[in-house]
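Overview (structure and organization)
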Amino acid sequence: MKEMLKLGLSLAIFASVACVCLALVNNVTAPAIAAVKERELNAGLAVVFPEADTFQAAPEFTPDTANSVKVTSLYLAKQGDQVLGAVVQANGPTYDKAEMLIGVTLHRAITGIQFLTLTDTPGFGQKATEPEWMAQFPGKSVDDSFVAGQDVDKISGATISSDGIAQLIKYAAYVASEFLAANYGGAAGSGEAPVLAAEVTAFTFEDACISLFPPEEYADLAFTEVPEGIGAIVRTMIVENQVLVSTNDKIIAAMVAVRGQTYKDGGVVLTAVGVDGNIIGSRILELKDDKNQGQLVLKASFYNQFSGLPVSQTILNGEGKYDAITGATITSDCIADMVKVGAVEAINVLAAHGIVPASIDQNSYQLNENYLEE
């Protein structure tokens, strides 16, 4: 007992000493780190607005952080006492994410851009930091479209990086120009605020149900779980949920969620099938693929392709029933396979409850299964 107490006391002393040491190190290094960041910021301000000789944090500015692109700071760019424009500090999603400084004149022209951080893929995504690509922005009007491939050069092999950076610059420059127009006599804009592309995400189960069966279109909706068969393995996939959908006490559909393989760590797809044997729609509940191409299957333009297909038909790549995402063929085909398996199992749930005349044997249909080739 004494040895245990002695050991506990020793550990407590060591922990206390370690905490004190860490606090001392932090007190010593924190000012130095802050000074380095301030020097980097000041250097960046001078790069993006070279005509200014001083920069002042605008006291009237309220950070704009409600959207995916967040404008956190605004500095007035001044020459003597005259305000020439502003520099904004903003961050937002690209292939991964970026933080930038963007300079804007009172006449809504961009003076320059500077990356503070860019965590996109080494190689293709990092080409955005090359002077040749960045040189296209000085002199560009804030009111331009900023569409990669149109009025912004698209980085070959890094479409998502190009789109994200262009969107970040456009929105941050707009916020700065509107602030200058409202407070420092800057030119008024020619249009409404830029519409930021929504970040695509997977559905929750509840949101998927509402999306597939909007309450305003279906009266007295009810969802009843069917426990028999949950956990079953069907064609290498796991049945995670089965639900009968009814309206006014009449069954109109079944939904089945299956977990399956994708290019990386898999996903879960929920598929609804009507009593007519056609797919009502599919929703992706989970996907662990890359943030780049693989995540594009989360867009409605991809998963809505399966709506209306008869469950009795195959859903194979090359048949014209869906377009695979360029650069993410394996993930696209895996989602199609999960849709097919979920649809067949939904038919089987309906058949088990006497709603449709016949079930479908799980081994009687083709799947893409191209992940097996990897």
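Below you will find a few notes about this structure.

Definitions and limits used
Residues numbered from 1 in each chain as written. Predicted model: local features only at pLDDT ≥ 70, side-chain atom pairs only at ≥ 80, totals over all residues. Heavy atoms only, no water. Salt bridge = Lys/Arg side-chain N within 4 Å of Asp/Glu carboxyl O. Buried < 20%, exposed > 50% of the residue type's maximum accessible area, 1.4 Å probe, protein only. Helix = DSSP H or I, 4+ residues; strand = E, 2+ residues; numbered from the N terminus. Phe/Tyr/Trp six-rings, centres within 6.5 Å; stacked < 30°, edge-to-face > 60°. Lys NZ or Arg CZ within 6 Å of the ring centre and 35° of its normal. Polar contact = N/O pair within 3.5 Å; in protein donor to acceptor, adjacent residues only side chain to side chain. Contact = heavy atoms within 4.5 Å. Expected span 1.5 Å × (residues − 1).

Once that is clear, we can look at the pattern of salt bridges. Applying the stated criterion across every chain, the model contains eight salt bridges. In this structure, D144 engages K140 in a salt bridge whose closest nitrogen and oxygen atoms are separated by 3.2 Å. Using a relative accessible area of 28% as the deciding quantity, one classes D144 as partly exposed. Among the salt bridges present, the one from R259 reaches E286, with a minimum N-O distance of 2.8 Å. With R259 in strand β9 (residues 250–260) and E286 in strand β11 (residues 279–287), this pair connects stretches of sequence that are 27 residues apart. Residue class for R259 comes out partly exposed when judged on its relative accessible area of 26%. E286 sits in the partly exposed class, given a relative accessible area of 21%.

Evaluated as defined, the whole model comprises ten aromatic pairs. Ring centres 5.6 Å apart and planes at 85° place the aromatic pair F61 and F179 in the edge-to-face group. Highlighted residues: F61 in the loop between β1 (54–57) and β2 (70–79) and F179 in helix α3 (residues 159–183), separated in sequence by 118 residues. In terms of burial, F61 and F179 fall into one category: buried. Consider the rings of F302 and Y322, whose centres lie 6.5 Å apart with planes at 85°: the pair is edge-to-face. Residue F302 is found in helix α5 (residues 300–303), and its partner Y322 is found in the loop between α5 and α6 (329–352); the two are separated by 20 residues along the sequence. Of the two residues, F302 and Y322, neither departs from the other in class, the shared state being buried. Among the aromatic residues, those joined into a ring-pair cluster are F61, F179 and Y184. The ring of F146 has K140 lying over it, and the distance from NZ or CZ to the ring centre is 5.0 Å. Seen from the ring of Y365, R235 lies directly overhead, with NZ or CZ sitting 4.8 Å from the centre.

A separate point is the environment of K170. The residue K170 is located in helix α3 in this model. In this structure the C-alpha to C-alpha distance between K170 and F146, which are 24 residues apart in sequence, comes to 6.3 Å.

Below, the discussion takes up the side chain of Q242. Here Q242 shows up in strand β8 (residues 237–247). On the basis of relative accessible area, Q242 is assigned to the buried category, the value being 4%. Among the polar contacts made by the side chain of Q242, one reaches the main-chain carbonyl oxygen of E228 at a distance of 2.6 Å. For Q242, the residues in contact, after removing those within four places along its chain, are T224, E225, V226, E228, G229, I230, M255, V256 and V349.

The next subject is α3. The terminal C-alpha atoms of α3 lie 36 Å apart, and with 25 residues this matches the ideal 36 Å at 1.5 Å per residue to within 8%. Counting buried positions over the 25 residues of α3 gives 19, a clear majority of the element.

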